[in-house]
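# Structural description and commentary
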Amino acid sequence: MAGNIKTTIETMAQPIVEQMGLELVEAEFVKEGKNYFLRVYIDSDKGVDLDDCSAVSEKLSEALDKEDPIEEAYYLEVSSPGAERPLKKAEDVKKAIGKNVNVTTYAPIDGEKVFEGKLLDFDGERLTIQMVVKTRTRSVEVPYEKVAKARLAVIM
């Protein structure tokens, strides 16, 4: 059920977000305690501010009231995905070249499942990540089909 709601909301939100020159990162519908939350994450190359979130929330709320795709009572939250933004699509990964990333794989590669470092390249099939372990720098290639999760990373 939640998967269908997610797809429906993303389909509804996409044109609203694009019309405002923003990008829809993802939507999620979750139950926390007794309450349901519909969370919509937006971003842009220049970042998003409270005005962007408010404007999307207002327009999306109007569309949701009109279509009424969710039976349960819920809270609508529109926000930025934050500094450690998820990289959901290949296009997101491509935009992250030159930035620090954290990638988790479904199965180990050379005994490891978590790779954190600078994304050097992504050709659509392989991510090349430069990792620093203690004082050694090494590059690792991760097949895109083995990526379980990827996100931008804040590395200290």
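Here the structure is a predicted model, which is why all the values come from computation and not from measurement.

About the cut-offs
Residues numbered from 1 in each chain as written. Predicted model: local features only at pLDDT ≥ 70, side-chain atom pairs only at ≥ 80, totals over all residues. Heavy atoms only, no water. Pairing = 2+ DSSP bridges. Helix = DSSP H or I, 4+ residues; strand = E, 2+ residues; numbered from the N terminus. Axes fitted to C-alpha atoms, helices over the stretch in contact; angles between N-to-C directions. Contact = heavy atoms within 4.5 Å. Expected span 1.5 Å × (residues − 1). Buried < 20%, exposed > 50% of the residue type's maximum accessible area, 1.4 Å probe, protein only. Arc of directions from axis to C-beta. Polar contact = N/O pair within 3.5 Å; in protein donor to acceptor, adjacent residues only side chain to side chain.

Further remarks concern the sheet that holds strand β2 (residues 35–43). Strands sit in the order β1-β2-β3 across an open sheet of 3 strands; the sheet is mixed. Taken across any chain shown, the strands that pair with only one partner, and hence form the sheet edges, are β1 (23–32) and β3 (75–79). Neighbour to neighbour, the strand axes of the sheet diverge by 15° on average, direction disregarded. The pairing of β2 with β3 spans 5 bridges and is classified as parallel. Along β3, the bridge assignment pairs Tyr41 with Ser79. The sheet strands contacting helix α2 (residues 50–67) are β2 and β3, and the helix crosses β3 at an angle near 145°.

Time to look at α2. Side chains of residues three or four places apart in an α-helix project in the same direction, reflecting 3.6 residues per turn. The end-to-end C-alpha distance of α2, which contains 18 residues, comes to 25 Å, matching closely the 26 Å that a straight helix rising 1.5 Å per residue would cover. Among the residues of α2, Asp52, Cys53, Val56, Leu60, Ala63 and Leu64 are the ones counted as buried. Along the long axis of α2, the arc covered by the buried residues comes to 105°, so they all point the same way. For α2, the exposed residues set more than 90 degrees away from the buried face come down to Leu50, Asp51, Glu58, Glu62, Asp65 and Lys66. The backbone nitrogen of Asp51 has a side-chain oxygen 3.1 Å away, supplied by the residue at the start of α2, namely Asp49. Positioned one or two residues after α2, Asp68 has a phi angle of 50°, which is positive.

So, about unusual backbone geometry. One non-glycine residue with positive phi stands out, namely Asp68, at about 50°. One can find Asp68 in the loop between α2 and β3. A relative accessible area of 56% places Asp68 in the exposed class. Located in the positive-phi region is Asp110, a residue other than glycine, with phi close to 50°.

Moving on: the side chain of Asp92. Along the chain, Asp92 falls in helix α3 (residues 90–95). Taking the relative accessible area as the measure of exposure, Asp92 reaches 3% and is therefore buried. Each residue touching Asp92, except ones within four places of it in the same chain, is listed here: Glu23, Arg85, Pro86 and Leu87.

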